[in-house]
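Chains, contacts and geometry: an overview
These are the residues of each chain, in order.
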Amino acid sequence: HEVTKYSFAIGTGRVEGTFRYADPHTWMTSPALYLFRDESWDEYHTAPACTDKVKHAHASIPIGKVTRGHQQILHDGLGKADSTHIGATKDGRVEWQFSWEIEHETRTHGWFLIVADCALEQFNAKVTPME
């Protein structure tokens, strides 16, 4: 699911965001935010499956608690958020906040943010609603 797209000029840029969702203790999956630079966007679209698509990500940030499925994301060296914070909303949902900083030295880059959970291709799982 594409969340947004943006670009940064040469220098330092920052992405910050907040996800709100139901209690993840029942999750059997591993949602993550994947960040793609413009030069890998075509490869993302031609890859056949989720796991093939996310291999083209420049960075990834596991959403919420780190599960067994996230270990592969972190092992692949795709990066992580500069800071994260997990709290609770008044209605009992989880609120997860992150920030991620990127340094551009050669040119302006376009970026695409995707929320994906490749584990969902492996089995039929109920996905908690996120906003």
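About the thresholds
- Residues numbered from 1 in each chain as written.
- Predicted model: local features only at pLDDT ≥ 70, side-chain atom pairs only at ≥ 80, totals over all residues.
- Heavy atoms only, no water.
- Phe/Tyr/Trp six-rings, centres within 6.5 Å; stacked < 30°, edge-to-face > 60°.
- Helix = DSSP H or I, 4+ residues; strand = E, 2+ residues; numbered from the N terminus.
- Buried < 20%, exposed > 50% of the residue type's maximum accessible area, 1.4 Å probe, protein only.
- pLDDT = per-residue confidence, 0-100.
- Pairing = 2+ DSSP bridges.
- Salt bridge = Lys/Arg side-chain N within 4 Å of Asp/Glu carboxyl O.
- Polar contact = N/O pair within 3.5 Å; in protein donor to acceptor, adjacent residues only side chain to side chain.
- Contact = heavy atoms within 4.5 Å.

Take the packing of aromatic side chains next. The final tally for this structure, using the stated rule, is eight aromatic pairs. The interplanar angle of 0 degrees and the centroid separation of 4.0 Å between the aromatic rings of W41 and F112 together place this pair among those described as stacked. Taken together, the residues W41 in helix α1 (residues 41-46) and F112 in strand β7 (residues 109-116) connect sequence positions 71 residues apart. Given a relative accessible area of 15%, F112 falls into the buried group. With 5.3 Å between their ring centres and 25 degrees between their planes, W96 and F98 make a pair best called stacked.

We now examine the confidence of the model for the protein chain. Of the residues in the protein chain, 70% reach a pLDDT of 70 or more, and the chain-wide mean stands at 76. For the protein chain, the element scoring lowest by mean pLDDT is helix α3 (residues 68-75), at 54; α1 scores highest, at 90.

Because side chains alternate across strand β4 (residues 59-62), one face comprises the buried residues A59 and I61, and the other comprises S60 and P62, equally buried. Sheet topology places strand β3 (residues 32-37) next to β4; four bridges connect them, and they run antiparallel. Opposite L35, over in β4, you have A59 as the bridge partner.

In the structure shown here, the tally under the stated rule is six salt bridges. Taking the shortest distance from any N to any O, the salt bridge between E39 and R107 comes out at 2.9 Å. On the criterion of sequence distance, the pair formed by E39 in the loop between β3 and α1 and R107 in the loop between β6 (94-104) and β7 is long-range, its members being 68 residues apart. Given a relative accessible area of 36%, R107 falls into the partly exposed group. Via salt bridges that share partners, R37, D38, E39 and R107 belong to a single interconnected network.

For K53, the position within the fold is in helix α2 (residues 50-54). In this structure the side chain of K53 is engaged in a polar contact, spanning 3.0 Å, whose partner is the backbone oxygen of Y44. In contact with K53, other than residues within four places in its own chain, are F36, Y44, H45 and A47.

Among the structural elements, Y44 can be located in helix α1. For Y44, a relative accessible area of 13% translates into the label buried. Sequence-wise, Y44 and K55 are eleven residues apart; in three dimensions their C-alpha atoms are separated by 8.3 Å. Ignoring sequence-local partners within four residues, the contact set of Y44 consists of F36, K53, H56 and I114.

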